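The residues making up each chain are set out below.
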Amino acid sequence: MPLHVPPAPAPALRSVLAALGSPTAVHEAHTPALRAIQGPLTAELPLPVHVLDRLGMSTLAAGGRPPRTRLTGWRFLIRSGDRYVAAADTRLTPDGWTFSHFFEGPYVAATERALRQAESLGTNYQPRLLSVPELYMLTLWLHGAVGADASAGLPAGEDLLVPLAPAPPGIAAYRPHPVSELLPVLTHRLTPATAPLPPSLAAPAA
């Protein structure tokens, strides 16, 4: 399998499993599909969630280095039977990793689809999620250093970014782009002449 899914911090996984085992946590989640399920649930495919900071200040288009990234959490896909019905996010607190919230919506199916697509590329990658808040965009980040610490590191030029649906206008979802090609395009979107995103897209990436 060309994808080397990194192991999540044990406390992060334990917090999600504890939430799945809590009727109160599941009932209070804004996830109708999750609340309606009677059978067992499992937390799978842990992915570190990184945020791309200050994209508009990137110098990559001029031959410089890409903007910094920072780890904001770990995300798990929640399986029921043969399908993923929701996702669970965790966050780092002064006391360690803890469960944040459950959610459902298009990014759950989009993540699964992008991961399956990445498996067929025939190249070894470490899968991560990379959020671009300035463009309300979430991508699957396929990192070439499969043994790297999943909580750190910059996108390398030869890494691939796969925009998840819904993607910003003019960006094709599920099409792998080398970082060296996509980041300059995204940076250009944030120049002063760039038109603001329509209100329908102005929602944080889950």
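Thresholds, definitions, all that
- Position numbers for residues start from 1 in each chain and track the written sequence from start to end.
- In keeping with the model being predicted, local features are shown solely for residues with a pLDDT of at least 70 and side-chain atom pairs are shown and tallied solely at 80 or more, while totals for entire chains, interfaces and linings include all residues.
- Hydrogens and water are ignored here; the side-chain numbers use all heavy atoms of the structure.
- Helix and strand assignments follow DSSP, with helices taken as H or I runs no shorter than four residues and strands as E runs no shorter than two, numbered in order from the N terminus.
- In this analysis, the expected span of each helix is defined as 1.5 Å times one less than the number of residues it contains.
- Accessibility here uses a 1.4 Å probe with only protein chains present; expressed as a share of the type maximum, an area under 20% marks a residue as buried, one over 50% as exposed, and anything in between as partly exposed.
- The criterion used for residue contact is that any of the two residues' heavy atoms lie within 4.5 Å.
- Two strands qualify as a pair provided that DSSP identifies no fewer than 2 bridges between them.
- As a rule, the C-alpha atoms of each element are fitted with a line to give its axis, helices using only the stretch in contact, and angles between N-to-C directions run from 0 to 180 degrees.
- Throughout, the arc means that of the directions going from the helix axis to the C-beta atoms.
- Here, a salt bridge means any side-chain nitrogen of Lys or Arg that lies within 4 Å of a carboxyl oxygen of Asp or Glu.
- Contacts described as polar in this section are N or O atom pairs within 3.5 Å, which, within protein, must combine one atom able to donate a hydrogen with one able to accept it, while residues neighboring in sequence count only if both atoms come from side chains.

Participant: Quick question: what am I supposed to make of helix α4 (residues 106–119) here?
Facilitator: At 3.6 residues per turn, the α-helix brings residues three or four places apart onto the same side. Taking 1.5 Å per residue, 14 residues should reach 20 Å; α4 reaches 20 Å between its end C-alpha atoms and fits that length. Restricting attention to buried positions, one finds in α4 the residues Tyr-107, Val-108, Ala-110, Thr-111, Glu-112, Ala-114, Leu-115 and Ala-118.

Participant: Whenever I open this one, the environment of Val-146 confuses me. Can you help?
Facilitator: In this structure, Val-146 sits in the loop between β6 (137–143) and β7 (160–163). A C-alpha to C-alpha distance of 8.5 Å links Val-146 and Val-5, two positions 141 residues apart in sequence. With near-sequence residues (within four places) excluded, Val-146 lies in contact with His-4, Asn-124, Tyr-125 and Gln-126.

Participant: Where do I start with the sheet that holds strand β8 (residues 177–178) in this structure?
Facilitator: Two modes of strand pairing occur in sheets, parallel and antiparallel, and in both the strands are linked by backbone hydrogen bonds. With respect to topology, 8 strands assemble into an open sheet ordered β4-β3-β2-β1-β5-β6-β7-β8, the strand pairing being mixed. The open sheet has two edge strands with one neighbour each: β4 (96–103) and β8. Relative to β6, strand β5 (residues 126–132) runs antiparallel, the two sharing 7 bridges. Paired with Leu-130 across the two strands is Thr-139, which belongs to β6. Relative to the sheet, helix α1 (residues 10–20) contacts β1 (42–52), β2 (69–80), β3 (83–93) and β4, its axis offset from that of β4 by approximately 40°. Sheet contacts for α4: β1, β2, β3, β4, β5, β6 and β7; angle to β6, the most-contacted strand, approximately 25°.

Participant: When you look at α1 in this model, what are you seeing that I'm missing?
Facilitator: Taken together, the buried positions of α1 are Ala-12, Ser-15, Val-16, Ala-19 and Leu-20. Buried residues in α1, looked at end-on, bunch into an arc of 140°, giving them a common side. Packed against the buried residues of α1 are α2 (23–28), β1, β2, β3 and β4.

Participant: I'm lost on the pattern of salt bridges in this one. Help?
Facilitator: Where charged atoms from two side chains of opposite charge approach closely, those side chains can pair. Under the defined criterion, the tally for this structure stands at 3 salt bridges. The shortest N-O distance in the salt bridge between Glu-44 and Arg-79 comes to 2.9 Å. Taken together, the residues span a long stretch of sequence, with Glu-44 in strand β1 and Arg-79 in strand β2 at a distance of 35 residues. What makes Glu-44 partly exposed here is its relative accessible area of 24%. Its salt-bridge partner being Asp-89, residue Arg-75 comes within 2.7 Å of it at the nearest N-O pair. A residue pair is termed long-range when its members are at least 10 positions apart, and Arg-75 in strand β2 and Asp-89 in strand β3 qualify at 14 residues. On the basis of relative accessibility, which here comes to 5%, the residue Arg-75 falls in the buried class.

Participant: Even after reading the chapter, I still don't get the side chain of His-143, so can you show me in this structure?
Facilitator: Mapped onto the elements of the fold, His-143 is located in strand β6. A residue is classified by how much of its surface remains accessible, and His-143, at 8% relative accessible area, is buried. A distance of 2.6 Å separates polar atoms of two side chains, one belonging to His-143 and the other to Asp-159. With sequence-adjacent residues up to four places away left out, His-143 is seen in contact with Tyr-125, Gln-126, Arg-128, Ala-148, Leu-154 and Asp-159.

Participant: Quick question: what am I supposed to make of the pairing of β4 here?
Facilitator: Along any regular strand, the residues point their side chains to alternate faces of the sheet. As paired strands, β3 and β4 are joined by 7 bridges and run antiparallel to one another. Counterpart to Thr-93 in the pairing with β4 is Gly-96. Count of turn residues in the β3/β4 antiparallel hairpin: 2 residues.

That is the geometry; function is a separate question.
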